[in-house]
Amino acid sequence: MISTPRTSPAPTPRGASRASAARARLTDLLPATALFVLVIFLWEVGLTVLEVKQFLLPRPSVIVGALVEEWSVLGRGVMYTGFEALVGLLLGTTLGVLAAFATGRWASARATLMPLAVAASSVPIIALAPIMSAWFGSESPAARVAIVTVMVFFPILINTVRGLTDVDPAALELMLSYAALPVQIVRKVRVPNALPYFFTGLKIAATLAVIGAVIGEYFGGPRYSLGIYITSEAYVFRYPNAWAAILLACLLGIGFYLAVLVLERLVMPWYSSQRAMGQ
């Protein structure tokens, strides 16, 4: 009896696997893209058919036209508001991570500070904005940076502390069996475990940063900043211009969120691949 030799399957080229992954991502984006296009179409056509007045809700085409006409002012406003949001995001993230390591290190500090952090995070930012403007001056960007820092600090602190403390006991016992130092346990076990929690908090903080900067500008700032521009244009009934600024604020928040996603993939490629396999 003659046995035929077994042939192993040919390895899949790396380019083919990348192409299939790209097609899978495009397939995942297709429903959201189709829904977005449908909403914009219904918005444009529905307002035209129903003859809705422009001061109530402008059509998307009118908003885009206002964006193009006012770009010399709005472009400057995006840079100014984006700078405030970015600086506040970096400061709040740094302070939140440092406080998380201190809180996660001592159980007494964690039991004392975490309830206070949760309670302080529930304070409406609209109540802090005028106080910050009075402290730092309504024209100073430090007021908006301070508001963003406060908003960003608590999501980073709470999520990072949870990641540092919610560790598998078996992993800690294994490290102790090898006589690992506390610094080694933090570096080898606690920090890798905390990274997914940290990036979850950072995604929340990225969108809150833009919200905090815009709300803070309602109480002070230069004329071209997005918050002041929205309120002043709405006050004189130039609603297409106000909606154009709102659109840019939304795009700025989306840009911050996408930047965090890219950073997450660079820092934790293993986590992204595991999550893709789980899907």
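One can find the structure itself at the top, above this paragraph.
Everything numeric in this text was worked out from a predicted model, so none of it was measured.

Draft legend 1. Structural context of the packing of aromatic side chains. Taken as a whole and assessed by the stated rule, the structure comprises five aromatic pairs. Ring geometry for Phe198 against Phe199: centres 5.2 Å apart, planes inclined by 75°, an arrangement best described as edge-to-face. For the residue pair Phe198 and Phe199, the accessibility class agrees, reading buried in each case. For Arg76, the ring lying beneath its charged end belongs to Tyr224, and the centroid distance is 3.9 Å.

Draft legend 2. Layout of the pattern of salt bridges. Inspection of the entire model under this criterion finds five salt bridges. Ionic pairing is found between Glu84 and Arg144, a salt bridge with its closest N-O pair at 3.1 Å. Taken together, the positions of Glu84 in helix α3 (residues 71–105) and Arg144 in helix α6 (residues 141–165) put the pair 60 residues apart, joining distant regions of the chain. Both residues of the pair, Glu84 and Arg144, belong to the buried class. With a closest N to O distance of 2.8 Å, Glu233 and Arg223 form a salt bridge. Separated by 10 residues along the polypeptide, Glu233 in helix α9 (residues 226–235) and Arg223 in the loop between α8 (182–217) and α9 bring together distant segments of the chain. Looking at Glu233, the relative accessible area reads 2%, which means it is buried. Relative accessible area serves as the criterion here: at 43%, Arg223 is assigned to the partly exposed category. A cluster of three or more residues bridged by salt bridges with shared partners is formed by Arg223, Glu233 and Arg238.

Draft legend 3. Structural view of unusual backbone geometry. Positive phi, close to 70°, is recorded for Phe237, a residue that is not glycine. Examined against the element boundaries, Phe237 turns out to sit in the loop between α9 and α10 (239–267).

The rules we used
- Residues numbered from 1 in each chain as written.
- Predicted model: local features only at pLDDT ≥ 70, side-chain atom pairs only at ≥ 80, totals over all residues.
- Heavy atoms only, no water.
- Phe/Tyr/Trp six-rings, centres within 6.5 Å; stacked < 30°, edge-to-face > 60°.
- Buried < 20%, exposed > 50% of the residue type's maximum accessible area, 1.4 Å probe, protein only.
- Lys NZ or Arg CZ within 6 Å of the ring centre and 35° of its normal.
- Salt bridge = Lys/Arg side-chain N within 4 Å of Asp/Glu carboxyl O.
- Helix = DSSP H or I, 4+ residues; strand = E, 2+ residues; numbered from the N terminus.

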